[in-house]
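# Summary of structural features
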Amino acid sequence: MSLDFGPAVALSCRECGTRYDLGPSFACLECFGPLEVAYSFGSVTREDIAAGPANIWRYRSLLPVPTDVTSKQNMNPGWTKLVKADNLGKVLGLRDLHVKDDSGNPTHSFKDRVVAIAVEAARNFGFHTLSCSSTGNLAGAVTAAAARAGLDACVFIPADLEQAKIAMARVFGGKLIGIDGTYDEVNRFCSELIGDPLGDKWGFVNVNLRPYYAEGSKTLAYEIAEQLGWELPDQIIIPVASGSQLTKIDKGFKELISLGLVEDKPYKIFAAQAAGCSPVSTAFKAGHDVVQPVKPNTIAKSLAIGNPADGPYVLDIARRTGGAVEDVTDTEVVSAIKLLASTEGIFAETAGGVTVGVLKKLVESGLLDPSLTTVVLNTGDGLKTLDAIADDAAPTAVIRPSLDAFRAAV
Ligand SMILES: Cc1ncc(COP(=O)(O)O)c(C=O)c1O
Ligand SMILES: [Zn+2]
């Protein structure tokens, strides 16, 4: 089998640095630490990138994907809008606020980015079935990507997810298995399945393909910098479930600096969780390095991972960059969804309510500097979590079609 992973040269242990050949592996044999992709980048210029397509493949020379990736059957996500959020900024007292709106991806969440890379890895390794454990958005991203790539799909979710996320995961075909349990139990089951003949030939995007999959989140960092005119933001607020996305946005910023694509400057990374599933925020506030698992209970189901794999790395990045980890209640999540919608015309899912809610809280507590360039992520579409605003799912008034009735109603 001849593998083509573009600029990627090895897998490297994040704990002890041991290197491995590129393969469908995810844990270090020496210390059980997580593996990540290591690169040998050639020369990359802003001009080369700008000449690329309006999707994540404009950054293919920074990703573990085949050189001819643009010609493959792929959902081609990315290059979503960075919205200058002056109205929301005014309400919150922020001078230069931007919303990176990843609801604009093909299946309406940032998960299309990570899955796009995982699909190419699955193809490289000859896997015919794509799988995952999901809190909702990933399941739909995987089944859609498998349909486009001509692969089989079998994905696993906690059975009590939002109806829209279940429907989206099913409509693309493949098998959708609901597990009677939490996401963490679904994830544990998938790890068991990989070791069984039933699943040992499958590409689990967030298990045995995780090192490749995770790299997809770097494209958020690249896009934000390019859309700010090749500058890093001063402050960024990122939602945390497993913490993978946050760690890779930091990796992406660092790569841009080391390649000379942006000026080296300090940036602060803030992590956002829902209070009903806030193990990383709790550890941050207590000054701990270890994240104590919790049993989630929040409307932000997409972020409901009680035992986050990248939790300790999130703590390290928040502390090293001078950021913080904060959480908001379900009530604050709903208020934040409505605030973002009514100021910017962006309908966020609960994960976006978490980041905007945390943004507001950080401004109020003085942890964010309102004079600096700030980016807040919306990683998913509000149409997938309609239950969160069920109280508003009715007209302001119902009237007869007459001017008199309208006058009386308004
Ligand atoms: C909409 C949305 N935002 C953010 C996340 C968090 O991703 P991570 O597990 O990389 O922290 C998820 C994860 O499922 C998600 O669905
Ligand atoms: Zn190791």
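Values in this document were obtained by computation on a predicted structure and should not be read as measured data.

### Regarding the pattern of salt bridges
Overall, the coordinates contain 30 salt bridges when judged by the stated rule. Notably, a salt bridge pairs Lys84 with Asp86, separated by 2.8 Å at the nearest N-O pair. By relative accessible area, which is 39% here, Lys84 ends up partly exposed. Residue Asp86 is classed as partly exposed on the basis of its relative accessible area, which comes to 43%. A salt bridge links Glu255 to Lys218; its shortest N-O distance comes to 3.0 Å. With Glu255 in helix H9 (residues 244-258) and Lys218 in helix H8 (residues 218-227), this residue pair connects regions lying 37 residues apart in the sequence. A residue is classified by how much of its surface remains accessible, and Glu255, at 8% relative accessible area, is buried. Using a relative accessible area of 0% as the deciding quantity, one classes Lys218 as buried.

### Looking at the UniProt feature "modified residue: N6-(pyridoxal phosphate)lysine" (unreviewed entry) in the protein chain
Residues given the UniProt feature "modified residue: N6-(pyridoxal phosphate)lysine" (unreviewed entry) here are Lys111. With respect to the helices and strands, the residue Lys111 is situated in helix H3 (residues 111-125). In this view, Lys111 contacts Asn137, Leu138, Ala141 and Tyr213; residues no more than four positions away in its chain are not counted.

Rules used throughout
Residues numbered from 1 in each chain as written. Chains lettered and ligands numbered in written order. Predicted model: local features only at pLDDT ≥ 70, side-chain atom pairs only at ≥ 80, totals over all residues. Heavy atoms only, no water. Salt bridge = Lys/Arg side-chain N within 4 Å of Asp/Glu carboxyl O. Buried < 20%, exposed > 50% of the residue type's maximum accessible area, 1.4 Å probe, protein only. Helix = DSSP H or I, 4+ residues; strand = E, 2+ residues; numbered from the N terminus. UniProt positions renumbered as here; feature names shortened; annotations may be inferred. Contact = heavy atoms within 4.5 Å.

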